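Each chain, written out:
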Amino acid sequence: MNPTRPLTRADHRGEAEEGAVAEHTAAVTPDTDRDTAVAALFETHHAGLLRLAVLLGAGPDAEDVVAEAFYQLQRRWGRIRDKDAAVGYLRGVILNLTRMRFRHLRVVRRHAQQNVEFTEDSAEQHALLRDEHRHVVSALRTLPTRQHQVLVLRYWLDLSEAEIARTMGISQGAVKSHASRGMARLSSILKGAEA
Amino acid sequence: MNGGTEERLRSALAGLADTVQESPDAYQRARRQWRRRDLRRRALTVAIVLVMVVIACGVGIWALSGASPARHVIFNGDRQDSAQDRSIYPPGSP
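Predicted model, so just to flag it, every value in this text is computed and none were measured.

This paragraph deals with the overall build of chain B. Along chain B, the regular secondary structure elements total 3 helices and 0 strands. Its helices and strands in sequence order give chain B the pattern α-α-α, from N to C terminus. By residue count, 9% of the 94 residues in chain B fall in the buried class.

Here it is as structure tokens:
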């Protein structure tokens, strides 16, 4: 706009619109920032986190578990100081949710009158897995939840003991213990199956 | 001893991870779900606040309806015989 030209009604209207847009932008900026950041995280990490949920045994609920983790992240976005730690936070939520799911399924199984079969994998996943892999995955699922989770974080995500401890909210010593016990038990199950 | 098991575990985990397919509209579905939950949470909060206000009003009305119209506890002063005065001259009377 030419600064020397007198302002017309159209200019005033334009200014008013700009002002309204600026006001609107100022009003929605925190939510928009949060939504943009969460959308970017979703875009980048959703597939990996979905795989993590499946490996941890979330089965058909994996999508819901991951969506719930992102919802929790969105709700607590303002309270998260280090935004780079968001992925670690998401992993932690997924671990807790899958653990809660196991607990829930255990209760359901205990109270079920009939012998209801709860499958962890979809039929498609079952068909796609090689026999060798299927044995290992079945053996892994017989381990206690903590040992199962430590082994997945260590051997699939290649996280260090410190990162696993931070994600699971336990000490590094506990991580070592779960890993060694889990691995020993897995070896014995696999050897027993082969013998 | 565990070297072989570690390799087998890595391979099995990678194999299982490869079978996982991400749905293309995952974000849109998740957003819809989050909005629904937000709305439900807000509606629940509003309902709880309304219930509390209604209960408070009910208790207040019940307390006022049970009070004697002859007793006036406001502007009763510090006089010993104020109770009798109040019953004779309620506030607002000339």
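Now for helix α5 (residues 131-141) of chain A. Looking at α5(A), one finds that the buried residues are A:His133, A:Val136, A:Val137, A:Ala139 and A:Leu140. Around the axis of α5(A), the buried residues are gathered within 160° of arc, so they sit on the same side.

What follows covers unusual backbone geometry. Of note, A:Asp158 is a non-glycine position whose phi angle comes to about 55°, a positive value. When you line up the elements, A:Asp158 lands in the loop between α6 (145-155) and α7 (161-168).

Let us look at the nonpolar core. Counting 46 residues, the largest nonpolar core has A:Ala53, A:Val66, A:Ala69, A:Phe70 and A:Ile94 as its most contacted members. Going through the elements one at a time, α1 (9-55), α2 (62-75), α3 (86-111), α5, α6, α7 and α8 (172-194) of chain A together with α1 (3-18) of chain B are the ones with two or more residues in this core. No other element matches the 8 residues that α1(A) contributes to this core. Inspection of this core shows a minimum of three residues originating in each of domain 1 (29-127) and domain 2 (129-195) of chain A. When residues no more than four places from it in sequence are discounted, the contact partners of A:Ala69 are A:Leu49, A:Leu90, A:Val93, A:Ile94 and A:Leu97.

This part takes up the interface of chain A and chain B. The partner chain B presents 22 residues to the 28 residues of chain A that form the contact. For the side of chain A that touches chain B, the elements supplying multiple residues, two or more each, are α1, α2, α4 (123-128), α5, α6 and α8 of chain A. A per-element tally of the side of chain A that touches chain B places α1(A) first, with 8 residues. Taken together, the residues that form the side of chain A that touches chain B break down as 20 nonpolar, 5 polar and 3 charged.

A separate point is the confidence of the model for chain A. Residue and element names in this part refer to chain A. Averaged over every residue, the pLDDT of chain A is 80; residues scoring 70 or more account for 75%. Within chain A, the element-level pLDDT minimum falls on α4, averaging 64, and the maximum on α6, averaging 94. Segment residues 1-17: pLDDT under 50, and 2 contacts once partners within four positions in sequence are set aside and those in other chains are kept. Counting interchain partners and residues more than four positions distant, the pLDDT-below-50 stretch residues 19-27 has 0 contacts.

Direction vectors running N to C along α5(A) and α1(B) enclose 100°, while the axes themselves pass 9 Å from each other. If you check the angle between α5(A) and α1(B), you find them roughly perpendicular. Judged by residue contacts, A:His133, A:Val136 and A:Val137 of α5(A) engage B:Arg8, B:Leu9, B:Ser11, B:Ala12, B:Gly15 and B:Leu16 from α1(B). The residue makeup of the contact of α5(A) with α1(B), split by class, is 5 nonpolar, 3 polar and 1 charged.

The rules behind each value
Residues numbered from 1 in each chain as written. Chains lettered and ligands numbered in written order. Predicted model: local features only at pLDDT ≥ 70, side-chain atom pairs only at ≥ 80, totals over all residues. Helix = DSSP H or I, 4+ residues; strand = E, 2+ residues; numbered from the N terminus. Buried ≥ 20, exposed ≤ 12 C-beta atoms within 10 Å, placed from the backbone. Arc of directions from axis to C-beta. Core = buried A, V, L, I, M, F, W, Y, C linked by C-beta atoms within 7 Å. Domains from an automatic or database assignment. Contact = placed C-beta atoms within 7 Å. Nonpolar A, V, L, I, M, F, W, Y, C, P; charged D, E, K, R; others polar. pLDDT = per-residue confidence, 0-100. Axes fitted to C-alpha atoms, helices over the stretch in contact; angles between N-to-C directions. Parallel < 35°, antiparallel > 145°, perpendicular 65-115°, else oblique.

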